[in-house]
Amino acid sequence: MAVQQRRVTHSRKGMRRSHHHLEEPTLVACKQCGKKNLPHRVCKSCGYYKNKSVLAIES
Ligand SMILES: [Zn+2]
């Protein structure tokens, strides 16, 4: 079945979402290197998650 695609304009969509990411994201300190990262994500600076190296990061 056909689905409506433009019932809400890009402008209206933008206005509705304009306040969605105003607050600071929650950050947790990495157990391995102490850097702040998003929770439940692999650490971007050392590649560790749950005390295990899951990403190879060249240093
Ligand atoms: Zn780390």
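Each remark here, short or long, concerns the structure printed above.
Model, not experiment: these values are computed from the prediction.

I'd love a proper account of the coordination of the zinc ion, names of residues and values included.
Bound to the zinc ion on the protein side are Cys 30 (SG), Cys 33 (SG), Cys 43 (SG) and Cys 46 (SG), at distances that span 2.2 to 2.3 Å. Every donor counted, the four donor atoms about the zinc ion form angles of 106 to 117° at the centre, which fits tetrahedral coordination. Sequence spacing of the donors to the zinc ion: C-x2-C-x9-C-x2-C. The exposure class assigned to Cys 33 is partly exposed, which follows from its relative accessible area of 37%.

Lay out the environment of Val 8 with the relevant residues and their values.
With respect to the helices, strands and loops of the structure, Val 8 is situated in the segment before α1 (10-17). For Val 8, a relative accessible area of 41% corresponds to the partly exposed category. Those residues in contact with Val 8 that sit more than four places away from it in its chain are Lys 13 and Arg 16.

Tell me about the layout of surface pockets, residues and numbers included.
Estimated volume of the largest pocket: approximately 280 Å³. In terms of lining residues, the largest pocket is bounded by 16 residues, among which Ala 29, Cys 30, Lys 31, Tyr 49 and Lys 50 are the most central. Looking at the lining of the largest pocket, the elements that each hand over two or more residues are β1 (28-29) and β3 (48-49). The class makeup of the residues in the lining of the largest pocket is nine nonpolar, four polar and three charged.

Conventions used here
- Residues numbered from 1 in each chain as written.
- Predicted model: local features only at pLDDT ≥ 70, side-chain atom pairs only at ≥ 80, totals over all residues.
- Heavy atoms only, no water.
- Donors = N, O, S within 2.8 Å, 3.2 Å for Na, K, Ca; no water.
- Tetrahedral: all angles 85-135°; square planar, octahedral: opposite > 155°, others 65-115°.
- Buried < 20%, exposed > 50% of the residue type's maximum accessible area, 1.4 Å probe, protein only.
- Helix = DSSP H or I, 4+ residues; strand = E, 2+ residues; numbered from the N terminus.
- Contact = heavy atoms within 4.5 Å.
- 1 Å grid on protein atoms, 1.4 Å probe; cavity = no way out; pocket = protein on both sides within 12 Å on 5 of 7 lines; lining within 4 Å.
- Points joined across faces, edges and corners; volume = space filled by probe spheres on them.
- Nonpolar A, V, L, I, M, F, W, Y, C, P; charged D, E, K, R; others polar.

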